[in-house]
Amino acid sequence: MPNEPVLAESTSVDGPSAGRGGRVGSTAARWLPFVVLVPPTLVATVGLIGLTQAFLGSFSALWALAGGLVVTGAILGVGVRVVRATPTARREVPPFGVALLISVAFALWAGWAPAQHVLIDRDPGSYANTAVWLANDGDLAVETDGEVYQTLRDEELRLHSAAVTTAGPDELQFQFNHLTSVILAVGYEVGGYQLMVRVPALATAAGLLVVYAFAARALRRPWIALLVPGALALMAPVLFIARDTYSEPFAFLVAWGAFFALVSAYERSSPLLAAWGGFLLGAVTAIRVDALLYVALAVPLGALAVAMRFHSPRRRRTLLAVGAAAVGLLPGLLIGWADLEWHSRVYASALSGQIASLRILLVGATLVSAVGAWAVIWLSGRPDVLERARRVARRAAPFAAILLAVGLLAAWLLRPFLFEARGASRIRYLEHYQALEGLEVDGRLRYTEETLWWMAWYLGPIGLAAAIAGLATTAARALRSRVTPGALVALVLCLAAGSLYWLRPSITPDQLWASRRFVPVVLPALSIMATVAVAAVWSVRTRPMVMRGLATLLGLSLLVGPLLVTFPIRDGVQQAGYVQVVEEACAAVPDDTVFFVVGPHASIVLPQTLRSWCGHPAAIVRGPDELATATAAADRMRGLGRAPVAVSTDPGALQILQPLAGADTIVTSTAVSSNEIVPTISGPPTDYAESTFTLYLLPLD
């Protein structure tokens, strides 16, 4: 029987064969892989169940959470009973305990003082306000066919605002995929906003534990693998997304849960784990629209697994596993697609070109993978041809490694001096930060050529150099058929997903906003590759004490580099205390209030905040004569028995409406957010700024 090409089979990861009740594997060790998969599975199941409920207009956090717990418990119970032929060795339990401590410490650090992003000035505000609306209303849509909204709809009153779009004559829709908001809504119903704003920190912390488990399997060195969660926990972009209501923490957690389950499925030839991994991978597409890329990357890896074992005794179980993974993908893919098409149509339309490209990539990857799998099967059935192919691959390995390293070093060190990326549109606020930093003031600049510099900022220069060395080493090992399955997956993720985001990050290039795009997959994969370099130096047999000392120094640099960048902004948080201001405003008005939002800034960021948190209708006053518009609208509202109230973040914007005032202006307390991270372009952020937030309410009765 020919040997399986490309991948080295796992042996040391599980220790000697321990059977079902062997002395090597303990009960605790046997449970570890499944404990790791509980958090991503709970997020995926609760999210998909809650999202389905939201489609029907009947979201319930209690039922979503109960359903998720039942399904997760059932999967866990079946998994522990069925997949235990090669229990994890006891030696993996102590480093897992250390990884758990890192995860808990990060959750406490990130969750101690999280952001309170109630204003929709960027993505977190959209996710948070969608979540609060969903928890209070049970529906993903803001229906505008009611009596109040119908009378508000004319050419001088506007209902849509930032991240809330008009999807039809009778409906407003929230932007983005909505699984993130479902999870946040569950947190809001269970523990109020205090829990909701900490859920991302918990998800990121659990993701650190999952990515550790993956790295331990990829490296076969559990203690060295601790560098991966340690480095990620200290990275500024990771802390940034963990402290705010972004989608990236959930994508990070569920995606690496999927990768860990799929690698474990290959190593154990387990259809159950494969279906589990496929289910998690499909759920990521309901979190972020660009997650379809991860599915496209999984297809050739699945085809490779089938091809390598086509002539082995494990062919049947491998075929079953790949089929099970494909079936497991379907719930998340279908629910995510329905979410975009039904409840985020304007957003999907705006990204139609990118979504179409990802779908074409998926179809192309499937076709190429089928042809490639056939070629590998054909080679593996002809020992003489296979041996020649292996010899060629072995000889090419050092050249491929050198070429890869040189290419990445050139992209890092030379590309910024050879190219200058420009966009078609002008980003005006970008020009403000360019002027502050003394850069060329041009809002069309995108700085895409500097994306590997971004990686060096947050990994540290030594960390990025180590990651490049690890990528080259892993590529050479793959060509020599000496790579572990986990290392191969990390290599593919890093090169494929990394290259796509490095070439076209498609994001406004201010930090840390722009670098968060690399958190779910690219930065973790780079960290794993950097740790591969540490393990390689540690394993050198010549002068082992010296080499282990060098490996220790290299490992410490992977922690010190990120820490030096994060330390100046370690307390950074956005919109601190803003929730209290909104709650004061809600409590200060009658139950039958209708808000009229005035002022350019308030009109962008405030309308949906008032609808979500106060539960009152809100419209934006505009037009050439705001006083006449507000007068007519207020008369209509009073005719319906409603209390019109003008609201703004700027007291000057209310001055024009003073003739309509039925009472003195109500002024809330002022929230002072003193640790707002100042966006930068030419380097990582180092400074804080102060922002204040007050609401001014003018009753028009």
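Summarised in this report is the structure supplied together with it. (Residues numbered from 1 in each chain as written. Predicted model: local features only at pLDDT ≥ 70, side-chain atom pairs only at ≥ 80, totals over all residues. Heavy atoms only, no water.)

## Considering the nonpolar core
Selection criterion: Buried Ala, Val, Leu, Ile, Met, Phe, Trp, Tyr and Cys residues that are joined via side-chain atoms within 4.5 Å together make up what is termed a nonpolar core. Exposure classes here rest on a 1.4 Å probe applied to the protein chains alone. A residue is buried below 20% of its type maximum, exposed above 50%, and partly exposed in between. Strands here mean DSSP runs of E at least two residues long; helices mean DSSP runs of H or I at least four residues long; both are numbered from the N terminus. Contacts are assigned to residue pairs with any non-hydrogen atoms lying within 4.5 Å of each other.
Membership of the largest hydrophobic core comes to 194 residues, with the highest contact counts inside it found for Phe-214, Trp-256, Met-455, Leu-526, Ile-528 and Trp-613. With 16 residues, helix α7 (residues 199-219) is the single largest residue contributor to this core. What Trp-613 contacts, discounting residues up to four positions off in sequence, is Val-118, Asn-129, Val-132, Tyr-188, Tyr-193, Met-196, Val-579, Val-582, Glu-583 and Cys-586. Counting residues in each nonpolar core, the second largest holds 29 residues, with Leu-152, Leu-159, Phe-174 and Val-621 among its members.

## Concerning a nonpolar patch on the surface
Note the cut-off: A patch consists of residues whose relative accessible area exceeds 30% and which take part in no salt bridge; residues with like charges are grouped when within 9 Å of each other, and nonpolar side chains (Val, Leu, Ile, Met, Phe, Trp, Tyr) when within 5 Å. Using a 1.4 Å probe, accessible areas were evaluated by the Shrake-Rupley method; residue-level cover was limited to the displayed protein chains. Throughout this description, the term salt bridge denotes a Lys or Arg side-chain nitrogen within 4 Å of a carboxyl oxygen of Asp or Glu.
A cluster of nonpolar side chains, Leu-409, Leu-413, Leu-414, Phe-417, Leu-418 and Phe-419, forms an exposed patch at the surface whose accessible area comes to about 660 Å². Counting residues per element, the ones that place at least two in the nonpolar patch are α17 (383-413) and α18 (415-418). Within the secondary structure, Phe-419 is located in the loop between α18 and α19 (428-436). A residue is classified by how much of its surface remains accessible, and Phe-419, at 54% relative accessible area, is exposed.

## Regarding the sheet that holds strand β1 (residues 141-143)
Defined as follows: Pairing between strands requires that DSSP locate at least two bridges from one strand to the other. Fitted lines through C-alpha atoms give the axes, limited to the stretch in contact for helices. The angle between two N-to-C directions lies from 0 to 180 degrees.
Reading across the sheet, the three strands line up as β1-β4-β3 and stay open at both edges, with antiparallel pairing between neighbours. At either margin of the open sheet sits one strand with a lone partner, and together these are β1 and β3 (164-168). Ignoring which end each strand starts from, the neighbouring axes of this sheet average 30 degrees apart. Summarising the sheet, β3 and strand β4 (residues 171-174) pair through four bridges and their orientation is antiparallel. Of the residues in β4, the one forming a bridge with Val-164 is Phe-174.

## Considerations on the state of the cysteines
Definition in use: For the purposes of this analysis, a disulfide is any pair of cysteine sulfur atoms at a distance within 2.5 Å.
Taken as a whole and assessed by the stated rule, the structure comprises one disulfide. A sulfur-sulfur distance of 1.9 Å marks the disulfide that ties Cys-586 to Cys-614. Across the S-S bond of Cys-586 and Cys-614 the torsion is about -75 degrees, and the bridge reads as left-handed. With Cys-586 in helix α25 (residues 578-587) and Cys-614 in helix α27 (residues 607-614), this pair connects stretches of sequence that are 28 residues apart. Residue class for Cys-586 comes out buried when judged on its relative accessible area of 17%.

## Examining the environment of Arg-198
We count it as follows: Polar contacts here mean pairs of N or O atoms no more than 3.5 Å apart (in protein, one a potential hydrogen donor and the other a potential acceptor; neighbouring residues in sequence count only if both atoms are side-chain atoms).
Structurally, Arg-198 is set in the loop between α6 (179-196) and α7. Considered as a pair, Arg-198 and Leu-627 are 429 residues apart in the sequence and their alpha carbons are 42 Å apart. A distance of 3.3 Å separates a polar side-chain atom of Arg-198 from the backbone oxygen of Trp-112.

## With respect to the packing of aromatic side chains
Note the following rule: A pair of aromatic rings is counted whenever rings of Phe, Tyr or Trp (Trp by its six-membered ring) have centres within 6.5 Å, and the orientation is called stacked for planes under 30 degrees apart, edge-to-face for over 60 and tilted otherwise.
Within the structure shown, the criterion is met by 18 aromatic pairs. Measuring from ring centre to ring centre gives 5.9 Å for Tyr-188 and Trp-613, while their planes differ by 85 degrees; the resulting arrangement is edge-to-face. Highlighted residues: Tyr-188 in helix α6 and Trp-613 in helix α27, separated in sequence by 425 residues. Among the residues examined, Trp-613 registers a relative accessible area of 11% and is labelled buried. Look at Trp-457 and Tyr-458: their rings are 6.3 Å apart centre to centre, the planes differ by 80 degrees, and that puts the pair in the edge-to-face class. Look at Trp-457 and you get buried, because its relative accessible area is 14%.

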